[in-house]
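Next come the chains, spelled out residue by residue.
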Amino acid sequence: MKKYWKEIAAAGIVLALINMFYFLIPFRHTISLFLGDGFTCAGFGMLIYAIYLSSVREDARSRFLGWPVLRTGGWFYVSILLVNFFLVILGQFLLVPLWLQLFANLALLGVECLLLLALDSGRDFVETQKQKRDQRMAGMQQLCEKIRALEMQCEDPLLLEAIGRLKREFRYSDPNSSAGSIEIEEKMREELNELEKYLNTDTGKGLQSIERISRMLKFRNQQVIQGK
């Protein structure tokens, strides 16, 4: 929340000015005035809650997804402030039904609370889906990184060409793992470790290892398709 201290200070200053306006100017101290002041403070509290929800997670993606939460809290704070300001002013000259003021404020606060919770739940859903996707893709990403590392280490032209073809095959494979592909991916990881031993020592065995990895990759891709 430290990032939004300017916004909190600005909203607090507005709240203080409204209270000064209500109580320093010789208004009649009606129930409408006290209700308006109370609901304005409640709106400020909801704004602080919205800022908390939008900034409780530190990573940049969460802050980006939390922006709608912060914007909703800001708009409702302004709405509650204006509604109560006009109702308090009208209450000084006209008889404003208390039920109207209560209904308007409770409706605004209720809708705001529901929207904030819904937006925060939506952000949690998006982040959960991203985490699941990252977990599904982690295995293939590690294998691709291993192949890139082998390509950089390789000095044998024949092996280098074969590793380049293998890298393209991995690039165009489905990055998402399935329950049936995890065991095959582990075997490919072991085979890549074997390939590393043959990089600059035994071209023939290195090519055979690459061929085995390529066959395992094709079988793995079939398992992923069947698992969908």
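Only a predicted model underlies this, so the values are computations on that prediction, with no experimental measurement involved.

Draft legend 1. Just the overall build of the protein chain, in detail. The secondary structure content of the protein chain amounts to eight helices and zero strands. Moving toward the C terminus, one meets the helices and strands of the protein chain in the order α-α-α-α-α-α-α-α. In terms of C-alpha radius of gyration, the protein chain reaches 31 Å, well past the compact-globule figure of 17 Å for 228 residues. Put simply, the protein chain has 228 residues, and 38% of those count as buried. Nonlocal contacts in the protein chain, meaning residues at least 24 apart in sequence, comprise 78% of its contacts between residues at least 6 apart. Put simply, the protein chain shows about 13,600 Å² of open surface, and 65% of that area lies on carbon and sulfur atoms. The protein chain carries 28 positive and 25 negative side-chain charges, and their two centres are separated by 4 Å.

Draft legend 2. Region of the structure containing the packing of helix α4 (residues 67–93) against helix α5 (residues 98–153). It is at 10 Å that the axes of α4 and α5 come closest, and there the two elements cross at 175 degrees. Here α5 runs roughly antiparallel to α4, going by the angle between their axes. Of the residues in α5, those in contact with Pro68, Val69, Thr72, Gly73, Phe76, Ser79, Ile80, Val83, Asn84, Leu87 and Val88 of α4 are Gln101, Ala104, Asn105, Leu108, Leu109, Val111, Glu112, Leu115, Leu116, Leu119 and Asp120. For the contact of α4 with α5, the class distribution of residues is 14 nonpolar, six polar and two charged.

Draft legend 3. Inspection of the pattern of salt bridges at higher detail. Enumeration over the complete set of coordinates arrives at nine salt bridges. For the salt bridge of Glu196 with Lys146, the shortest nitrogen-to-oxygen distance reads 2.8 Å. Note that Glu196 is positioned in helix α7 (residues 182–198) and Lys146 in helix α5, a separation of 50 residues in sequence. Given the relative accessible area of 31%, Glu196 is considered partly exposed.

Draft legend 4. Highlighting the packing of aromatic side chains. Per the counting criterion, the structure on display carries two aromatic pairs. Consider the rings of Phe85 and Phe86, whose centres lie 5.7 Å apart with planes at 75 degrees: the pair is edge-to-face. The exposure class of Phe85 is partly exposed, given its relative accessible area of 22%.

Draft legend 5. Quick peek at the environment of Glu155. Here Glu155 lies in the loop between α5 and α6 (157–171). Looking at Glu155, the relative accessible area reads 67%, which means it is exposed. Along the primary structure Glu155 and Asn200 are separated by 45 residues, whereas in three dimensions their C-alpha atoms are 6.4 Å apart.

Draft legend 6. Up close: the nonpolar core. Core analysis: the biggest nonpolar cluster contains 20 residues, and Ile163, Phe170, Met188, Leu192, Ile210 and Ile213 have the highest contact counts within it. Every element with two or more residues in this core is listed here: α5, α6, α7 and α8 (203–227). With sequence-adjacent residues up to four places away left out, Phe170 is seen in contact with Met140, Leu143, Cys144, Ile147, Met188, Ile213 and Leu217. Leu15, Tyr22, Leu33 and Phe44 belong to the second-largest nonpolar core, a separate cluster that totals twelve residues.

The rules we used
- Residues numbered from 1 in each chain as written.
- Predicted model: local features only at pLDDT ≥ 70, side-chain atom pairs only at ≥ 80, totals over all residues.
- Heavy atoms only, no water.
- Helix = DSSP H or I, 4+ residues; strand = E, 2+ residues; numbered from the N terminus.
- Rg over C-alpha atoms; globule rule 2.2 N^0.38 Å.
- Buried < 20%, exposed > 50% of the residue type's maximum accessible area, 1.4 Å probe, protein only.
- Contact = heavy atoms within 4.5 Å.
- Areas by Shrake-Rupley, 256 points an atom, 1.4 Å probe, with all protein chains shown as cover.
- Lys, Arg positive; Asp, Glu negative; His and termini not counted.
- Charge placed at Lys NZ, Arg CZ, Asp CG, Glu CD.
- Axes fitted to C-alpha atoms, helices over the stretch in contact; angles between N-to-C directions.
- Parallel < 35°, antiparallel > 145°, perpendicular 65-115°, else oblique.
- Nonpolar A, V, L, I, M, F, W, Y, C, P; charged D, E, K, R; others polar.
- Salt bridge = Lys/Arg side-chain N within 4 Å of Asp/Glu carboxyl O.
- Phe/Tyr/Trp six-rings, centres within 6.5 Å; stacked < 30°, edge-to-face > 60°.
- Core = buried A, V, L, I, M, F, W, Y, C linked by side-chain atoms within 4.5 Å.

Shape is all these values report; function is a separate question.
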